Every structure is written in structure tokens, then in C-alpha cells.
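Residues per chain, in single letters:
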Amino acid sequence: MARLAAFDMDGTLLMPDHRLGEQTVTALQRLRERDITLTFATGRHALEMRSLIGSLALDAFLITGNGTRIHSQEGELLFRQDLNPEVAELVLHSTWDTRATVHVFNDSGWLTDNALPELLEAHLLSGFSYQLADLRRLPAHDVTKICFVGDHDDLCRLRIQLNEALGARAHLCFSATDCLEILPPGCNKGSALAALSLSLGLTLQDCMAFGDAMNDREMLESVGHGMIMGNAMPQLREALPHLPVIGHCRNQAVSHFLLHWLDTPNLPYSPE
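Every value quoted in this text rests on a predicted model; they were computed, and no experiment measured them.

## Some remarks on the pattern of salt bridges
No. 1: Tallying each qualifying case throughout the model produces 13 salt bridges.
No. 2: Between arginine 69 and aspartate 107 there is a salt bridge whose closest N-O contact spans 3.1 Å. With arginine 69 in strand β4 (residues 69-71) and aspartate 107 in the loop between β6 (101-106) and β7 (109-112), this pair connects stretches of sequence that are 38 residues apart.
No. 3: Note on aspartate 107: relative accessible area 39%, which makes it partly exposed.
No. 4: Notably, a salt bridge pairs arginine 157 with aspartate 154, separated by 3.8 Å at the nearest N-O pair. You can see arginine 157 and its partner aspartate 154 sitting in helix α5 (residues 152-166), three residues apart, about one turn around the helix.
No. 5: A relative accessible area of 45% means that arginine 157 is categorised as partly exposed.
No. 6: A relative accessible area of 3% places aspartate 154 in the buried class.
No. 7: The structure contains a network of salt bridges with shared partners spanning Arg69, Arg80, Asp82 and Asp107.

So this is what it looks like as C-alpha cells:
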């Protein structure tokens, strides 16, 4: 029996229209009734997640910014990690061979120098939005993570450039096919979940986790029970071929799996 359950949001708990389905909410409530601790592990900002979770009346820990922040069930900040100012300054003040747009995240929110209303569709439920700013004028010591959003092939070429420039000073990952993130070294959902588990007196073997993108890799491969979504990035399935693949987020596959696990754990699970 897992004692802690960690969930990615986009492409996992959330349906393609970025809403939580009723079956999913019911399944999460039933986990809490069984005294299983909930953790939402996401690339989304803590400000946005507190708004979303508050509307569900669910006690849950938050791992946000892909592991850069951990908050308690009461909203207390338990852990924070930001980019090295030298790394932030290099990324924001260099010219990169890419057509991708640049987005900066810190405790104040989401900042960009490009007005891209289509990106707000994923945040309609919460109302979370970007602030337009001159990114080159931002204080380098106040940058948690930097994201490039654009065409996947273009981002793959950009990743090579960033790797050559940054080396071990940053962790690069795809949180979606169109989003490449620059994070502090050693900072990911897996390391954050390990820190949280330790603080709760648990081990990662006591955890189950669900995800769909490469920013979920460390979390999924480190827990006792890792599940990959049927709509996952092909790279994730290739990286973790030993993990079970469940159904698609559009069908609320996480709820199907959880209800089966809660009610008929003795029977084999068949996706949806």
C-alpha cells in the first residue's frame, strides 16, 4: 500500500482542456479518506496551484516549478532553489539561435517580453497570467527558472547550444514537447519528492507517482510505483520501458487506475 501519491498536472491529472474531471476529484478524495498523503508535482507556479487546490478543498503538499519549490499542506514554504545568478544572466543576456519565446519565473509570478494570449488557454481555470517585462532588466538573483517555448525541433537545437554554454551549472528538461526548461542543477520533481518523503518519515518506495513528460522522469523512476500516461511523450516511454502505461488523460485514466487500486487490488489492471 502506497502512503504518498504524487501527481503531475498537465497531461496527467488535467484533461486536454486543462480541467480536472469529476471522477478524478472523487478518486483523490478517496485517497485522502484512506490516509494517503497527496502531492501535486508540477511545472506550474505555486501561486496558481494554491488557487487551484484551494477550490478543491483537498489537503495536499505542493511541488511546483518542477521541484524549485515545496510547500506544506498549510502553504508554508519548505524548500526553495533558484538559478545561479550567473546562469540567469548568461541565458537572458545572450543571443541564441532560436525562434522560441523566453519566459522567466520567480516568486512574483510569470514574466515574458512577448504577448502570447494562446498560452493563457492552459490557465483559464485559475486565471493565472504572465506579466510583460523587459527580461534583460530583471535582477539576475531573482530568477527561479527560465523556459523557452516553441517548435520542438527548434528547441532540440537550442538545447545543444544551452548544454554547451551552461554545462553542469543547470538542469535542462522538456516539460512538454514545446517547452524547454532551465532549472537549478539537481533540481527536479524526483529530488523534491525525495526531500518531502524524508521529512514525512517515508521512503520513495512508499510513494506512487503519475506523469507524462520528461520532467517527470526522475520522479517516476525513483518511486515504488511509477505510472506513465498513455498520452506521454515518446521519449519518456523509451527512457522508462519497465514502467506500466495507463490510459489517456482525456479519459481521466488516473482515476480509473486509482479506483481499481483502491477497490480491487487483487485483480490485474487493464488501462481503462
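## Overview of the packing of aromatic side chains
No. 1: Under the counting rule described, the total for this entry stands at six aromatic pairs.
No. 2: Between phenylalanine 7 and phenylalanine 40 the ring centres are 6.3 Å apart and the planes differ by 35°, which places this aromatic pair in the tilted class. With phenylalanine 7 in strand β1 (residues 4-7) and phenylalanine 40 in strand β2 (residues 37-41), the pair connects residues that are 33 residues apart, well separated along the chain.
No. 3: Overall, phenylalanine 40 belongs to the buried group, its relative accessible area being 0%.
No. 4: Here the aromatic rings of phenylalanine 105 and tryptophan 110 are separated by 5.9 Å at their centres, their planes lie at 15°, and the arrangement is stacked. Residue phenylalanine 105 shares its accessibility class with tryptophan 110, and that shared class is buried.
No. 5: Joined through ring pairs, the aromatic side chains of Phe7, Phe40, Phe210 and Phe257 make up one cluster.

Thresholds, definitions, all that
- Residues numbered from 1 in each chain as written.
- Predicted model: local features only at pLDDT ≥ 70, side-chain atom pairs only at ≥ 80, totals over all residues.
- Heavy atoms only, no water.
- Salt bridge = Lys/Arg side-chain N within 4 Å of Asp/Glu carboxyl O.
- Helix = DSSP H or I, 4+ residues; strand = E, 2+ residues; numbered from the N terminus.
- Buried < 20%, exposed > 50% of the residue type's maximum accessible area, 1.4 Å probe, protein only.
- Phe/Tyr/Trp six-rings, centres within 6.5 Å; stacked < 30°, edge-to-face > 60°.

Everything listed here is a matter of coordinates, which is why it stays silent on function.
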